[in-house]
Structure formats: structure tokens, C-alpha cells
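Results of the structural survey
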Amino acid sequence: MTLRFGYGTNGLTDLRLDDALGLLADLGYDGVGLTLDHMHLDPMAPDLAVRTRRVAGRLADLGLGVTVETGARYVLDPRRKHGPSLLDPDPEARAARTALLVRAVDVAAELGAHAVHCFSGITPPDTTADTAWHRLTDALTPVLDAAGRAGVPVAIEPEPGHLLATLADFHRLRTLLADPGPLGLTLDIGHCQCLEPAPPVECVKEAAPWLRHVQIEDMRRGKHEHLPFGDGEIDFPPVLEALAATGYSGLTVVELPRHSHAGPELARHSIDFLRAAAGRAPARTSTPLVAADRATGATNGGAPC
């Protein structure tokens, strides 16, 4: 099984979407993780269906696969990062997030995407764990119903600091929802290094039956900081070998959401690194821009996504 590599548009926010897609195709990526946001296929702006069809045509012309990602920071509320979430105390606010995810399912179906990514959100203050899990299952149910009708799986991501933070939490959600067919998993390789008790290779093996989307970047143990490849602690060749052995056929998407200032060069560096780590091609030397950014510490400063 040959892995299919993509790059997330949340790491290319300084580029127009057409330009970002053209760049990724020119670099030899197999696809794109398309984050629905105001600069890239705004899900809240008018004529979404028309704009989505145009993007579908562009993807087809370039031969790019796609995953729809829903981690835009301020797409619903300009004052609250990732707000409102599926755990919001206000039922109408939770419903707004549910509606956005249902809309993302519709977009994904039009684009021919292989999955819709989402995450739970952070447990609000003064909220018990039982209440938070009840809100999550209740808010996700309409999304899963829409996904079942559309034939597009929902791939929820364990996110450090969120209610659903680990693989164990994903299995708890599966149990609470009676293991619905449309529910799958987004596995972020860096997050495995950051906080899972097992190493990333073992996480891949454990997650295999439920994998619907994969995100990848470098990271260090105990620090939720998405890093360019080579700047963290992960040994990638065995991770990619384990991932290929699962038979996973979706995209493995580079996730560097705080590096748009160097997006084009990091996209180039990342595909070279991944091909080399997968044994597919020799890596090229990093460009001066990437090297300079590392020398000056131009990363995300340790802040989470």
C-alpha cells in the first residue's frame, strides 16, 4: 500500500485557495486537507453550493483528493477561538456547531471527500464529565445521521486539552453512541507523541480499524506544538510503515496551522521528507527560508492549535 500525502490549507492561509491547490499539485501531493474558513471556501458566505462545485472542478483538474477539515478558529464566533463547540452550555450555540458540521458533510459529498474531520471541544467551566459527554453525543447525532445519508464518514480527532483527548476517549464515544457506522477516527501522529501512553507506531496499529483520516507533523513528548519534520522527536519511517500496513487508503495530511508565513517552503520540505521517510524518493535539502525560520525560532511558540 502506497500512502497518499496531503497538506492542510490551514498552513497555507496566506495563499488564495486556487494558488494553494496549484502549489500542492505542482509539488506532487496526492491531496489536500481543506479547512472550511473565511479565506478558503467560507462555509458561512452566500452561494456555498456554487463555490463548492467550482472547487470540486479545480480539484478534479489537478487530480487532488480531499478531506474536509472543520478546525477553523473563528469561523462561527469572531471573539471565541473554536467557539461555540459541541460542548457549549447554550443549546443554541451547540446547535450552531452541529449545523456547521452538517454543512461540512454536504460540502464533502459534493467534493468527493473521503472524510469530514471534527473534534469535541474543551469542557466548559463548571461542567461535569457526564454532562459534557451527554452534550457531545447529542450534538453529534444529527451530524452522523447526515454522514450516513451522504456516505461520507465523520472522523473525530482526539485533541490535547479537549474532552475527547485520547484514543481511549474515542472508544468511550463509540460505546456511548453504540458504535455507529459513519463514526471514524482522525489520528494525529504528533498528538500520539505528545500524550498517548503508547508510542506512535503502536497508536497506528491500535487505531487501524477506525482510521478515516490521518494528520501528521513532528512533535515532542508532553508539549502540544506542531513542528516541521525534523524539529521534534518522532521516528517517522516505522510510523509510515505501520500506517501503510493497515491498508489505510485516505490522505495523510501535513498539519502545520501556525506556519503559514513559510507555507510554500514548508510544503516543499514536508513532501520531500515524507517521501524519503516512506522510502519513495531522496530528500532535497531544506530551502534557506525554512532553515532561517528554524534558526530564529519562528514556530508557534508552544501554543496549541
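This write-up is about the structure you can find in this document. What you see is a predicted model; the values in this text were computed from it and never measured. (Residues numbered from 1 in each chain as written. Predicted model: local features only at pLDDT ≥ 70, side-chain atom pairs only at ≥ 80, totals over all residues. Heavy atoms only, no water.)

Scanning the protein chain from N- to C-terminus turns up ten helices and ten strands. Relative to the globule expectation of 19 Å for 305 residues, the C-alpha radius of gyration of the protein chain, 18 Å, shows essentially globular dimensions. For the protein chain, the spread of C-alpha atoms along the principal axes amounts to about 50 × 45 × 40 Å. Going through the 305 residues of the protein chain one by one, you find that 56% of them count as buried. At a minimum sequence separation of 6, the contacts of the protein chain that also span at least 24 residues come to 76%. Accessible surface, the protein chain as shown: approximately 12200 Å² in total, 52% of it carbon and sulfur. Mean positive and mean negative side-chain charge positions of the protein chain (28 and 39 charges, respectively) differ by 2 Å. (Helix = DSSP H or I, 4+ residues; strand = E, 2+ residues; numbered from the N terminus. Rg over C-alpha atoms; globule rule 2.2 N^0.38 Å. Buried < 20%, exposed > 50% of the residue type's maximum accessible area, 1.4 Å probe, protein only. Contact = heavy atoms within 4.5 Å. Areas by Shrake-Rupley, 256 points an atom, 1.4 Å probe, with all protein chains shown as cover. Lys, Arg positive; Asp, Glu negative; His and termini not counted. Charge placed at Lys NZ, Arg CZ, Asp CG, Glu CD.)

So, on to the pattern of salt bridges. Under the counting rule described, the total for this entry stands at ten salt bridges. Ionic pairing is found between Arg-80 and Asp-77, a salt bridge with its closest N-O pair at 3.1 Å. Residue class for Asp-77 comes out buried when judged on its relative accessible area of 17%. Here Glu-265 ties to Arg-268 by a salt bridge, and the two come within 3.5 Å at their closest N and O atoms. Of this pair, Glu-265 and Arg-268 both sit in helix α9 (residues 263-277), three residues apart, which is roughly one turn of the helix. (Salt bridge = Lys/Arg side-chain N within 4 Å of Asp/Glu carboxyl O.)

Take the side chain of His-224 next. Tracing the backbone shows His-224 in strand β9 (residues 223-227). Classification of His-224 by relative accessible area gives buried; the value is 10%. A distance of 3.1 Å separates a polar atom in the side chain of His-224 from a polar atom in the side chain of His-191. (Polar contact = N/O pair within 3.5 Å; in protein donor to acceptor, adjacent residues only side chain to side chain.)

So, about the packing of aromatic side chains. Summed over all chains, the structure comprises five aromatic pairs. Here Phe-170 and Trp-210 contribute two aromatic rings whose centre-to-centre distance is 6.4 Å and whose plane-to-plane angle is 65 degrees, an arrangement assigned as edge-to-face. Residue Phe-170 is located in helix α5 (residues 167-176), and its partner Trp-210 is located in the loop between α7 (200-207) and β7 (211-216); the two are separated by 40 residues in the primary sequence. For the pair Phe-229 and Phe-236, a centre-to-centre distance of 5.1 Å together with 85 degrees between the ring planes defines the contact as edge-to-face. (Phe/Tyr/Trp six-rings, centres within 6.5 Å; stacked < 30°, edge-to-face > 60°.)

So, about helix α2 (residues 48-62). Turn by turn, an α-helix covers 3.6 residues, leaving residues three or four places apart pointing in a common direction. Here α2 spans 21 Å end to end across 15 residues, near enough to the 21 Å set by a 1.5 Å rise per residue. Three or more residues of α2 are buried, namely Leu-48, Thr-52, Val-55, Ala-56 and Leu-59. Down the axis of α2, the smallest arc covering the buried residues is 105 degrees, so these residues share one side. The outward face of α2, more than 90 degrees from its buried face, is lined by the exposed residues Ala-60 and Asp-61. Looking at the buried residues of α2, the elements they touch are α1 (17-27), β2 (31-35), β3 (65-69) and α3 (91-111). The positive-phi residue at the C-terminal boundary of α2 is Gly-63, with phi of around 70 degrees. (Expected span 1.5 Å × (residues − 1). Arc of directions from axis to C-beta.)

Our focus in this paragraph is the packing of helix α8 (residues 236-245) against α9. Across the interface, α8 lies against α9 with an axial gap of 8 Å and an inter-helix angle of 75 degrees. It follows that α8 is roughly perpendicular to α9 by the angle criterion. Across the interface between the two elements, Phe-236, Pro-237 and Leu-240 from α8 touch Phe-273, Leu-274 and Ala-277 from α9. For the contact of α8 with α9, the per-class residue count stands at six nonpolar, no polar and no charged. (Axes fitted to C-alpha atoms, helices over the stretch in contact; angles between N-to-C directions. Parallel < 35°, antiparallel > 145°, perpendicular 65-115°, else oblique. Nonpolar A, V, L, I, M, F, W, Y, C, P; charged D, E, K, R; others polar.)

Bear in mind that shape data such as this cannot, by itself, settle questions of function.
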